[in-house]
Amino acid sequence: MSAQTALHPVDHVPPIPKTLLLSFQHVLAFYAGAVVVPLVISGGLNLSPEHTIHLINADLFTCGIATIIQSVGFWKVGVRLPIIQGVTTTAISPIIAIGLAVTGPDGGVEGLPYIYGSIIIAGLFTFFAAPFFARIIRFFPQVVIGTVLTTMGITLLGVSAGDIINRVDEMNPPQPIAMRSIAYAAGTLAIIILVQRFFKGFLGTISVLLGLVIGTSVSLVLGDASFAHVTTSDWVGVTTPFYFGWPKFALTGALSMIIVMIITMVETTGDVFAAGEIVGRRITKNHIAAALRADGLSTTLGGVLNSFPYTCFAQNVGLVRLTRVKSRWVVAAAGVVMIILGIIPKAGAIVAAIPGPVLGGASLALFANVALVGIQMLSKVDLHDARNAVIVTTSLGLAMLVSFKPDVAGVFPSWAQIFFASGVTLGSVTAIVLNFLFFHVGTQSGRDVTTSVAGLPIGLDQVNVMDRDTFVQTFAQLFNDQRWPLEIAWEARPFSDVQALRSAIQEAVLTADRARQDELIRDYPDMAQLLLSDEAAAAIISRDIGSLALDQMNDSEQEQLRELSQQYREKFGMPFVACLSAMDSRQQIIAQGVRRLENSAPQERIVALSEVVEIANDRFAIMLANANPIRSAWARKFEQLN
């Protein structure tokens, strides 16, 4: 009994009936997101129904293996947390671009060997780069990843549009089917929206699956879908390595897939931290490296077993929080279920029977969310900085150029056409190169960082030679009373540029132990204390731009804010901390607090900590503005809008 109670909940094995039930729930939450990827890729490459069925089964089969690798683990591979592995939607557009660059617009299986060759190289890169990821992450800041994700989402919407306008009944070409196609897509999208609006919890997580099931059922009743391939498919079939031929390799294709994997490495890192917070296990660099090795190994297996790149599935991390079942063995059992589904071709044939317009309506919702994530990330980037603005506009402009006019690729030599045929690849590489050019090439040390007490500018060279006490004193205004983040950041000297200095301070906060992080959060005033003080007192309390541009609250709003702050403290045991901008209104602040009250305690702790980091970022930006008058004048123009 004592041995049992000593087990961490992550390692606990529930009774077999409960394990099976919970594992099926994970599979249901994961299933729609998993099968959409091979479906969309198959449609984009114009593959036959038989090949589509094979891709679906290969995907499910390899998903099961990847999930077991990640959750059970061996050696230094696998994070050993309840994390489901699935194919990343980030890879869809580059994969289709690689295939079509080889085959032309008609598509076909001839492009698959090049796709799988690129996936294998990207998987091996991820596996071996895992322990060094922390060193290269600085080359992929939010401005790069946000641009890439926005480009991917927008590009993928074109794939959805292609599915939506497809004929719903290819056996009867004269039938006027355009409006029927649009109706199926719109109906599927409406179902997804309504489920998300009116259902919470588990049903909300399977809104896409419900949309696909109901949309396909309606089309089947109306005679616009057929399950003929289900009856002719085998009951058992196992995907064989290199089913579509031995892998072939193209430099630009491999480069585009490596970019995809770098993005998934960032996503996986976030998912692992979230999972660790939910299950109560402190995440270290070794955990991140183990998780990324599992991603790399699974992706390499995907290239061998006719599947695609793998990453952690965030929706299943959310399901762990929702169900509070923390056992990794439940997730491992879900992996076994996936393997079983992957060797049943009839299951894949059922999925392959989904009409194009229904799939297009569902994928429209998924891919628009990819773009939304990118936009949200870009909203946190300082676009007042001309360098960031150039990175975003140039990358998006070139990406959209080749997306809207794919014939541009034909101007280039055949070896380069894979690169220029994909808006995602071109946009991603442009963002990475420009970020490197603006922030990492040449000396960045000449830029002033802050000013001394006497008002004299202090450059990065001076910062790099400061002793610990001087460094802490110079940047003390970034935090309220806690100094340990600055003491930790000082150890990361020398800083190659201003962004490296900012990143060191952020990492000091985000990688600290829980006790220090909680102490830091409690050091900030809650919104009631900040916003209900007079202007002079609020400026002293906040020490940043957050105290500006908030007009007087009426009695009702003041009472709302006091009650909100009290409820927040009672539920989470910490002050309601938020980073305010000069454009925030009092209604927005209250609405934000109400939304955050719905979070779980672990999730809200992450949100509060990120708000503390954002406050430090704002204060850092003010220091830069004061040290660079032109930048300061530009910022003041926006502050004066209120």
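The model shown is predicted, which means the values in this text are computed figures rather than measured ones.

Criteria and thresholds
Residues numbered from 1 in each chain as written. Predicted model: local features only at pLDDT ≥ 70, side-chain atom pairs only at ≥ 80, totals over all residues. Heavy atoms only, no water. Helix = DSSP H or I, 4+ residues; strand = E, 2+ residues; numbered from the N terminus. Buried < 20%, exposed > 50% of the residue type's maximum accessible area, 1.4 Å probe, protein only. Contact = heavy atoms within 4.5 Å. Phe/Tyr/Trp six-rings, centres within 6.5 Å; stacked < 30°, edge-to-face > 60°.

Visitor: Tell me about the overall build of the protein chain, residues and numbers included.
Guide: Along the backbone of the protein chain there are 31 helices and 4 strands. Evaluated residue by residue, the protein chain yields a buried proportion of 53% over its 642 residues. Taking as baseline every contact in the protein chain between residues at least 6 positions apart, the subset at least 24 positions apart corresponds to 79%.

Visitor: How would you summarise unusual backbone geometry if you had to cite specific residues and measurements?
Guide: Among all residues save glycine, negative phi is the norm, and among peptide bonds the norm is trans. The omega torsion across Arg493 and Pro494 is -5°, close enough to zero to call that bond cis. Take Pro494: it is sitting in the loop between α23 (484–490) and α24 (498–510). Located in the positive-phi region is Arg80, a residue other than glycine, with phi close to 60°. Tracing the backbone shows Arg80 in the loop between α3 (49–71) and β1 (85–87). Overall, the relative accessible area of 26% leaves Arg80 in the partly exposed class. In this structure, Asn306 is a non-glycine residue whose phi angle is positive, near 70°.

Visitor: How would you sum up the environment of Ile375? Please name residues and give values.
Guide: Among the secondary structure elements, Ile375 is positioned in helix α17 (residues 356–378). Overall, Ile375 belongs to the partly exposed group, its relative accessible area being 47%. Ile375 sits 228 residues away from Thr147 along the chain, and the two C-alpha atoms are 7.8 Å apart.

Visitor: Now, about the packing of aromatic side chains: what can you tell me, with residues and values included?
Guide: Evaluated as defined, the whole model comprises 9 aromatic pairs. On the numbers, 5.3 Å between centres and 40° between planes, the contact of Tyr568 with Phe576 is tilted. Side by side, Tyr568 and Phe576 carry an identical accessibility label, which is buried. An aromatic cluster of three or more residues is present, and its members are Tyr116, Tyr243, Phe244 and Phe308.

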